[in-house]
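Each chain, written out:
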Amino acid sequence: MTGGGRVVVVGLGPGDPGLVNVAATEQMRRIPTRFIRTSRHPSAYLAEPAVPFDDLYDQAVSLDDVYAGIVDALVEAALTEGEVLYAVPGSPLVAERSVELLRSDARVDAVVFPALSFVDIAWAALGVDPLHAGVRLIDGHRFATEAAGESAPMLVAQCDSPLVLSGIKLSVETGPEVTVLHHLGLPDQALIKVAWEDIDRSVAPDHLTSLWIPGLAAPVAMELARFDELVRTLRARCPWDRQQTHRSLTRHLLEETYEVLEAIDELDSTPAGYDHLEEELGDLLFQVAFHANLAAEAGQFTLADVARGIHDKLVERHPHVFGPPGEPIPNWEELKKAEKGRASVMEGVPGSLPSLLYAFKVQSKAASVGFDWKNAAGAWPKIREELDELEEAMGGSGEAVNEELGDVLFSVVNVARHLGIDPEASLRDATAKFRERFVAVERLAAERRVEVSDDLWEQVKASEHRT
């Protein structure tokens, strides 16, 4: 005994009011100050009048905050009143985190009266002996961590939202047919068998929804699932992450993409090249997962849907790999035109691409249907032609110069494409080389206490050749 207040905890059973036991009924009758975790339960009226904690669910950032708030409120009331009653759905001893926290709180005595749980109804509905089958009971909100490494049968509780079901689906690359258990013990009880990829589309889940997984061929993919869970936690609890939108993240997505490109450029120049690339790919993956999480919040798609979509698209676009032996390699652009119902191969080329890459993509699209020079030798004279036109335009308007300069650059990209060179990477390499040389020139000028000059530039170039 703590010498403080006392909280008596009773269970309201899995749903049907007729399944509430006598002990719970007597305690509710005896104790006038009552609280109930949620009024959204078919047997909740038996505890009336009682103070529900539904507002906490609506206002708190996370479930951890909800449970902590419930415990604090119960402790405060018990210390004031001496004794209070706390009613929970199902059994207080099965998947009840608030009761778990309450029992470990030294400020009050918690007395728990066991009750019939939803799991008892589930075994009857499924025709399963949990002891014989070696079933694990898992909290859907903590599936990624609690089910990590498991392949045994699982009964997953607290599947109360599409996000929870999506998280479970994401945790395993591919799973068996499962059973969604909905409103067990009530007149509208439903057991719905669904394919793994349809877990989050089979029902509109609520606090009376659970999931039966008969077994997994491969254990839960812990790292990807933990990462997805982390992204959702940051979105819920970090003030900066809560403010972000698809549009506000575009700058970060672009920056992380360029940092990946830079890491690739450095692969051969530093011993830690792959460590750097691994780090930058992780940053880029965070952006992908964040956008998928925003879409999931809007009820549109999840990270699992993204992965499945690109998987299926790649299989469809590689019939020579996944189809019958001897299947020819398809014309990629014609395949994409038919797949997306496009009238032109140019549709789908983002106009917001960096200009060199944009030109490269447009030229490649035209070449895919035969509109192209035969080789680099055929494209080369076009550069000379455009240079002459640029020189002629330089005596005229700025608009004409701009147009002719664009034609020169476009022609250079064409030659680069025929030579198998990425002009974007080539220009980046040239710029990086210039930058390194200029820094060396600045250093040399500072040592000699002179101005930066062409002579110093030539000295730096000469020293590079000597080394």
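Our subject is the structure that appears above.
The shown structure was predicted, so the numbers you read here are calculated from the model rather than taken from an experiment. (Residues numbered from 1 in each chain as written. Predicted model: local features only at pLDDT ≥ 70, side-chain atom pairs only at ≥ 80, totals over all residues. Heavy atoms only, no water.)

A. Fine view of the sheet that holds strand 8 (residues 178-182). With respect to topology, five strands assemble into an open sheet ordered 6-7-10-8-9, the strand pairing being mixed. With partners counted over all chains shown, the strands left at the sheet margins are strand 6 (136-139) and strand 9 (190-194), one partner each. Each neighbouring strand pair of the sheet contributes to a mean axis angle of 20°, computed without reference to strand direction. Judged from the four bridges that link them, strand 6 and strand 7 (residues 154-157) form a sheet pairing that is parallel. Its bridge partner being in strand 7, arginine 136 is matched across the sheet by methionine 154. The strands that helix 5 (residues 118-126) touches are strand 6, strand 7, strand 8, strand 9 and strand 10 (209-213); relative to strand 7, the one it contacts most, it runs at about 135°. (Pairing = 2+ DSSP bridges. Helix = DSSP H or I, 4+ residues; strand = E, 2+ residues; numbered from the N terminus. Axes fitted to C-alpha atoms, helices over the stretch in contact; angles between N-to-C directions. Contact = heavy atoms within 4.5 Å.)

B. Representation of empty space enclosed by the protein in the model. If you walk through the whole model with that rule in mind, you get one cavity of 30 Å³ or more. Of the pockets and cavities examined, the largest cavity occupies roughly 90 Å³. Those elements giving two or more residues to the lining of the largest cavity turn out to be helix 8 (162-171), helix 9 (222-237), helix 12 (273-297) and helix 13 (303-316). Taken together, the residues that form the lining of the largest cavity break down as seven nonpolar, four polar and two charged. (1 Å grid on protein atoms, 1.4 Å probe; cavity = no way out; pocket = protein on both sides within 12 Å on 5 of 7 lines; lining within 4 Å. Points joined across faces, edges and corners; volume = space filled by probe spheres on them. Nonpolar A, V, L, I, M, F, W, Y, C, P; charged D, E, K, R; others polar.)

C. Molecular detail of the side chain of glutamate 280. Along the chain, glutamate 280 turns up in helix 12. In this structure glutamate 280 is buried but unpaired, with arginine 428 as the nearest side chain of opposite charge at 13 Å. Excluding its chain neighbours within four sequence positions, the residues that come into contact with glutamate 280 are Glu256, Glu259, Val260 and Ala263. (Buried < 20%, exposed > 50% of the residue type's maximum accessible area, 1.4 Å probe, protein only. Lys, Arg positive; Asp, Glu negative; His and termini not counted. Salt bridge = Lys/Arg side-chain N within 4 Å of Asp/Glu carboxyl O.)

D. Representation of the pattern of salt bridges. Evaluated as defined, the whole model comprises 19 salt bridges. The partner of glutamate 100 in a salt bridge is arginine 97, and the shortest N-O contact between them spans 2.8 Å. Highlighted residues: glutamate 100 and arginine 97, both in helix 4 (residues 97-103), separated by three residues, approximately one helical turn. According to the relative accessible area criterion, glutamate 100 is partly exposed, its value standing at 43%. For arginine 97, a relative accessible area of 27% gives the class partly exposed. Each of Lys169, Asp200, Arg201, Asp305 and Arg308 takes part in salt bridges that share partners, so that together they form one network.

E. The arrangement of the layout of surface pockets in detail. In this structure, the second largest pocket occupies an estimated 450 Å³ of space. Glu262, Asp265, Glu266, Ser269, Arg428, Asp429, Thr431, Ala432, Lys433, Arg435 and Glu436 are the residues that line the second largest pocket. At the level of secondary structure, the elements contributing two or more residues to the lining of the second largest pocket comprise helix 11 (250-265) and helix 19 (423-448). Counting residues per element, the lining of the second largest pocket draws most heavily on helix 19, at seven residues. Taken together, the residues of the lining of the second largest pocket sort by class into one nonpolar, two polar and eight charged.

F. Here's a closer look at the sheet that holds strand 2 (residues 34-36). Spatial strand order, 3-2-4-1-5: five strands in an open sheet with parallel pairing. Of all the strands in the sheet, the pair left with one neighbour each is strand 3 (51-52) and strand 5 (108-112). Sheet topology note: the strand 2/strand 4 (residues 83-88) ladder contains three bridges and is parallel. When the sheet's bridge partners are listed, phenylalanine 35 is paired in strand 4 with tyrosine 86. Packed onto the sheet, helix 1 (residues 22-30) meets strand 1 (5-11), strand 2 and strand 4 and runs at close to 140° relative to strand 1. Along the sheet, helix 3 (residues 63-81) contacts strand 1, strand 2, strand 4 and strand 5; its crossing angle with strand 4, the most-contacted strand, is approximately 150°.

G. Inspection of the packing of helix 11 against helix 12 at higher detail. Direction vectors running N to C along helix 11 and helix 12 enclose 160°, while the axes themselves pass 9 Å from each other. With respect to helix 12, the element helix 11 is oriented roughly antiparallel. Classified by chirality, the crossing of helix 12 by helix 11 is left-handed. Packed against helix 11, whose contacting residues are His252, Leu253, Glu256, Thr257, Glu259, Val260, Ala263 and Ile264, the element helix 12 presents His276, Leu277, Glu280, Leu281, Asp283, Leu284, Gln287 and His291 at the interface. (Parallel < 35°, antiparallel > 145°, perpendicular 65-115°, else oblique. Left-handed = near helix turned anticlockwise from the far one by under 90°.)

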